[in-house]
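Residues per chain are reported as follows:
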Amino acid sequence: MMPFQTDPERPILIAGPTASGKSELALRIAESQGGVIVNADALQVFDGWRVLTARPSAADEARARHALYGHIAYDGDYSVGHWLREVASILTGPDRPIIVGGTGLYLSALTEGLADIPPTPPEVRAEADARMAERGRAAMLEELDPASRSNLDPLNPMRVQRAWEVLRATGRGLADWQADTGPALLPLAQAQPFVLEAGRDWLTARIERRFDLMLAGGALDEAQENLDRWDPALLSSKAIGARELIAHLKGDISLDQARIAAQTATRQFAKRQRTWFRARMKDWHPIVPD
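In this convention, every chain numbers its residues from 1, walking through the sequence in written order. Per-residue local features of the predicted model are confined to residues with pLDDT of at least 70, and side-chain atom pairs are confined, for both listing and counting, to 80 or more; whole-chain, interface and lining totals are unaffected and use all residues. Only heavy atoms go into the side-chain values, all of them from the structure, while hydrogens and water stay out.

Novice: Break down the overall build of the chain for me, with residues and values.
Specialist: Under the scheme used here, helices are H or I runs from DSSP no shorter than 4 residues and strands are E runs no shorter than 2 residues, and both carry numbers assigned from the N terminus. The helix and strand inventory of the chain stands at 12 helices and six strands. Radius of gyration: over C-alpha atoms. The globule rule applied is 2.2 Å multiplied by the number of residues raised to the 0.38 power. Scaling as 2.2 N^0.38, a compact globule of 290 residues should have a C-alpha radius of gyration of about 19 Å, and the chain matches this with 19 Å. Taken across its 290 residues, the chain has 46% of its residues classed as buried. Summarising the internal contacts of the chain: among those between residues at least 6 apart in sequence, 76% fall at separations of at least 24. Here, Shrake-Rupley sampling with a 1.4 Å probe gives the accessible areas, and only protein chains in the shown set may cover a residue. Within the structure as shown, the chain displays about 14,000 Å² of accessible surface, and the carbon and sulfur contribution to it stands at 51%. A 1.4 Å probe rolled over the protein chains alone gives each residue an accessible area, and that area as a share of the maximum for its type sets the label: buried under 20%, exposed over 50%, partly exposed in between. In what follows, a contact means two residues having at least one pair of non-hydrogen atoms within 4.5 Å.

Written out as structure tokens, the structure reads:
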């Protein structure tokens, strides 16, 4: 995937499903045309899972300036609101930002605006964690208001729980809050938006190969380092493959079972991403990776 010439005066946005080559493209543009690579992945902000979240390597970081990668503590809290506040300071900085990631909510909030929802109180978050663990995603989904339920991905437990927390904490549904969306920090017309349109078979092969490379690159060692502090309720623990490798280290499943389960979960996640991008990024310039 060769870099292409861009307008040096306008920020670049690069979206795409996991394993589609977003980071590689961003790095090539930064090296050839300048700019700071800014993370727009909700899990790559945490410091605990560098290998499993496919954060840029130290060698890649030495090739171009990177921002908002691995800067939040393993047990820290983080949201799209936190991310937008950090991105705002980068947008006014000296370097042209190349914002890259697969978290569609971050990118849509950046270009379309974000409702000013109050932070979730710790006691509500604890209640939501317990409810999700005891009753599961489907039961929590049924407790949402109809408008919020119809506007989110019903298979994404993080989004379902977030909507439940908003309703529980504020008495207003997430959809109602979103109707009061404020102005966009970076309107799409002021940026150069690109979305990688990866074919299913091509992407499946990449996903399976990448997880094998993660294992060869130290993913199991990384899981071992995190074993003693493992807490499935933490946001950082949502890294795909973390739960599976922890289960293997605890003796619950074999390494091959963990590998297959992680690859399956990654394929399912990529399918949800591709569906979301097709629905929400019709005005973005498509790129077919090679």
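This is not the end of the story, as more comes after the structure.
Novice: Quick rundown of the packing of aromatic side chains? Include the residues and the values.
Specialist: The geometry of an aromatic ring pair comes down to the distance between the two centres and the angle between the two planes. Each aromatic pair joins two rings of Phe, Tyr and Trp (for Trp, the six-membered one) with centres within 6.5 Å, and gets the label stacked for planes under 30 degrees apart, edge-to-face for over 60, and tilted for any other angle. Taken as a whole, this structure holds three aromatic pairs when the rule is applied. Look at Trp-83 and Tyr-106: their rings are 4.9 Å apart centre to centre, the planes differ by 25°, and that puts the pair in the stacked class. With Trp-83 in helix H3 (residues 80–91) and Tyr-106 in helix H4 (residues 104–112), the pair connects residues that are 23 residues apart, well separated along the chain. Tyr-106 carries the same exposure label as Trp-83, and that label is buried.

Novice: Before we move on, can you summarise unusual backbone geometry with the specific residues and values?
Specialist: Despite not being glycine, Ala-19 shows a phi value in the positive range, around 70°. As for its placement among the helices and strands, Ala-19 is situated in the loop between strand S1 (12–15) and helix H1 (22–33). Given the relative accessible area of 8%, Ala-19 is considered buried. In this structure, Ala-54 takes a positive phi of about 60° despite not being glycine. Relative to the elements of secondary structure, Ala-54 occurs in the loop between strand S2 (36–39) and helix H2 (58–63). Looking at Ala-54, the relative accessible area reads 23%, which means it is partly exposed.

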